[in-house]
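Remarks on the overall topology
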Amino acid sequence: VAEGLGQDLKGALFFSMITGDYLGDITVKRLNAQADAIQIIKVIRAATKIGLKEAKDMYDTVKNGIPITITISPEVDNSERMEILRLLESAGCVIK
C-alpha cells in the first residue's frame, strides 16, 4: 500500500501511527491535472457524511486553487480514514 502513496501522505500516516491519532481533519492543498471530480466528491461525502451540494462546493473550492479542510465524521473509523486518504490521493488530490 505504501508504494502508492505520496511522500507527504506517508509522513502524515507515519506520524499518526506513532501518536495513535488517526482521526482529525484532512487538508487538500490542490488537485492534480488528472483529478477525478466524481470520485473526489464521492470520497468527501463518505468521509464527512454531508450532502452532494456541500461536497461539490468543497470540490469547486479546491479546484479554484483554495485549499480545503475535510473534517472527518466521528462515524468513520481509523481504517476507513486511511482508505479515504488513499482514495483522495489516487483521485488526484494533493494532501497536506
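Residues numbered from 1 in each chain as written. Predicted model: local features only at pLDDT ≥ 70, side-chain atom pairs only at ≥ 80, totals over all residues. Heavy atoms only, no water.

1. Here we look at the nonpolar core
Ile26, Ile40, Ile70 and Leu88 are the most contacted members of the largest nonpolar core, which has 22 residues in total. Breaking this core down by element, the ones donating at least two residues are β1 (25-31), α2 (37-48), α3 (52-63), β2 (68-71), α4 (78-90) and β3 (93-95). The element that contributes the greatest number of residues to this core is α2, accounting for five residues. Setting aside residues no more than four positions away along its own chain, isoleucine 40 makes contact with Leu31, Ala35, Tyr59, Leu88, Ala91 and Cys93. (Core = buried A, V, L, I, M, F, W, Y, C linked by side-chain atoms within 4.5 Å. Buried < 20%, exposed > 50% of the residue type's maximum accessible area, 1.4 Å probe, protein only. Helix = DSSP H or I, 4+ residues; strand = E, 2+ residues; numbered from the N terminus. Contact = heavy atoms within 4.5 Å.)

2. Observations concerning the confidence of the model for the protein
Low pLDDT means the predicted atomic positions in that stretch should not be read closely. Per-residue pLDDT for the protein has a mean of 85; in total, 76% of the residues score no lower than 70. No element of the protein has a lower mean pLDDT than helix α1 (residues 7-19), which averages 64, and none a higher one than α3, which averages 97. (pLDDT = per-residue confidence, 0-100.)

3. Brief notes about the pattern of salt bridges
Counting across every chain of the model gives three salt bridges. With its nearest N and O atoms 2.8 Å apart, the salt bridge here joins aspartate 60 to lysine 56. Separated by four residues within a single helix, aspartate 60 and lysine 56 lie in helix α3, roughly one turn from each other. Aspartate 60 gets classed as partly exposed once you look at its relative accessible area, which sits at 22%. With relative accessibility at 37%, the residue lysine 56 sits in the partly exposed group. (Salt bridge = Lys/Arg side-chain N within 4 Å of Asp/Glu carboxyl O.)

4. A look at the pairing of β2
Along β2, the buried face is formed by Ile68 and Ile70; none of Thr69 and Thr71, which line the opposite face, is buried. By the bridge criterion, four bridges tie β1 to β2 in an arrangement that is antiparallel. Residue pairing for β2: valine 28 is matched across the bridge by isoleucine 68. (Pairing = 2+ DSSP bridges.)

5. Section: the side chain of serine 73
Within the secondary structure layout, serine 73 lies in the loop between β2 and α4. Given the relative accessible area of 8%, serine 73 is considered buried. The residues touching serine 73, leaving out its near neighbours within four places in the chain, are Ala47, Thr48 and Lys49.

6. A few points about unusual backbone geometry
The phi torsion at lysine 49 lies on the positive side, around 65°, for a residue other than glycine. Turning to its location among the elements, lysine 49 is positioned in the loop between α2 and α3.

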